[in-house]
Amino acid sequence: DQQVKQNSPSLSVQEGRISILNCDYTNSMFDYFLWYKKYPAEGPTFLISISSIKDKNEDGRFTVFLNKSAKHLSLHIVPSQPGDSAVYFCAASRMDSNYQLIWGAGTKLIIKP
Amino acid sequence: NAGVMQNPRHLVRRRGQEARLRCSPMKGHSHVYWYRQLPEEGLKFMVYLQKENIIDESGMPKERFSAEFPKEGPSILRIQQVVRGDSAAYFCASSPQLGENTEAFFGQGTRLTVV
């Protein structure tokens, strides 16, 4: 039973364009969402997060949108750069579960020059 | 301030042997989490520990797997009598605490290969 789903295993985007990575979840009790970025042979690194009381959080080129009614969140990267090529993981947590992270399977983003 | 350190980076074990994976959290972090990533899958939570305590081990297989985080020294994930299906990347993360506005910092992982 996958509580956090990233339905696109990979995504290819032209450099300079917008990259949109999607994530769906099934548990309405999640109250905190995070995006991590992972390069090959390295551990995930934190990118951006959003609390369930918000619908948008922005940090430089990265913006995360949360649609609670649709149980959907997305990560927008504008403009996309070659260094953004990586696997992006969506994760969700609940305060009453010690904020244990539940992870999606990841989306591999490829930025084409 | 060194990040989360995991060693070894790569570990090869024959079926039936024991694997010991070590994780030194970031300085000042007393919460450690272990995750496993199988090929083509996301990270799966295994266990959450604080110093000398296992807080949540709901993701740990019931047999052959154990974890500890002693008062002194690194956290250890131990897999006894390894089987081929244990081959995976094992990641450790640490945090001062986990809650809203607190993210976990990850080590580079240990890639276990069982031959």
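Let me sum up the structure you'll find in this document. The structure displayed is predicted, hence computed values, not measured ones. (Residues numbered from 1 in each chain as written. Chains lettered and ligands numbered in written order. Predicted model: local features only at pLDDT ≥ 70, side-chain atom pairs only at ≥ 80, totals over all residues. Heavy atoms only, no water.)

1. Quick notes on the layout of surface pockets
When its volume is computed, the largest pocket comes out at roughly 530 Å³. As for the largest pocket, its lining consists of 25 residues, of which Val87 and Phe89 of chain A together with Gln37, Glu40 and Glu41 of chain B are closest to the centre. For the lining of the largest pocket, the secondary-structure elements that each account for two or more residues are β9 (86–93) and β11 (107–112) of chain A together with β9 (88–95) of chain B. With four residues, β11 of chain A is the largest single contributor of residues to the lining of the largest pocket. (1 Å grid on protein atoms, 1.4 Å probe; cavity = no way out; pocket = protein on both sides within 12 Å on 5 of 7 lines; lining within 4 Å. Points joined across faces, edges and corners; volume = space filled by probe spheres on them. Helix = DSSP H or I, 4+ residues; strand = E, 2+ residues; numbered from the N terminus.)

2. Side note on the sheet that holds strand β1 (residues 4–5) of chain A
Residues and elements named next belong to chain A. Strand order in the open sheet made by the five strands is β1-β3-β8-β7-β6, with antiparallel pairing throughout. Unpaired on one side and paired on the other, β1 and β6 (56–59) mark the two borders of the sheet. Where strand β3 (residues 19–25) lies against strand β8 (residues 72–77), six bridges are found, and the strand directions are antiparallel. When the sheet's bridge partners are listed, Leu21 is paired in β8 with Leu75. (Pairing = 2+ DSSP bridges.)

3. Describing the pairing of strand β4 (residues 32–38) of chain A
Residue and element names in this part refer to chain A. With seven of seven residues buried, β4 is to be regarded as a mostly interior element. Here β4 shows a buried face lined by Tyr32, Leu34, Tyr36 and Lys38 and a second buried face lined by Phe33, Trp35 and Lys37. As paired strands, β4 and strand β5 (residues 45–51) are joined by six bridges and run antiparallel to one another. Counted as the bridge partner of Trp35 is Ile48 from β5. Once β4 ends, the chain turns through six residues before running back antiparallel as β5, passing Ala41 with a positive phi of about 65 degrees. (Buried < 20%, exposed > 50% of the residue type's maximum accessible area, 1.4 Å probe, protein only.)

4. Structural notes on the interface of chain B and chain A
Contact residues are listed per partner, giving 23 residues for chain B and 19 residues for chain A. Together chain B and chain A conceal approximately 1700 Å² of surface at their shared face, both sides included; 57% is due to carbon and sulfur atoms. Run the count over chain B and chain A and you get zero salt bridges. On the surface where chain B and chain A come into contact, there are two residue pairs in polar contact (both at pLDDT 80 or more). Of all the elements in the fold, those that place two or more residues in the side of chain B that touches chain A are β4 (31–37), β5 (43–50) and β6 (53–56) of chain B. Of the residues forming the side of chain B that touches chain A, the biggest block, three residues, is contributed by β5 of chain B. Partitioning the side of chain B that touches chain A into residue classes produces nine nonpolar, eight polar and six charged. (Contact = heavy atoms within 4.5 Å. Buried area = accessible area lost by both parts, 1.4 Å probe. Salt bridge = Lys/Arg side-chain N within 4 Å of Asp/Glu carboxyl O. Polar contact = N/O pair within 3.5 Å; in protein donor to acceptor, adjacent residues only side chain to side chain. Nonpolar A, V, L, I, M, F, W, Y, C, P; charged D, E, K, R; others polar.)

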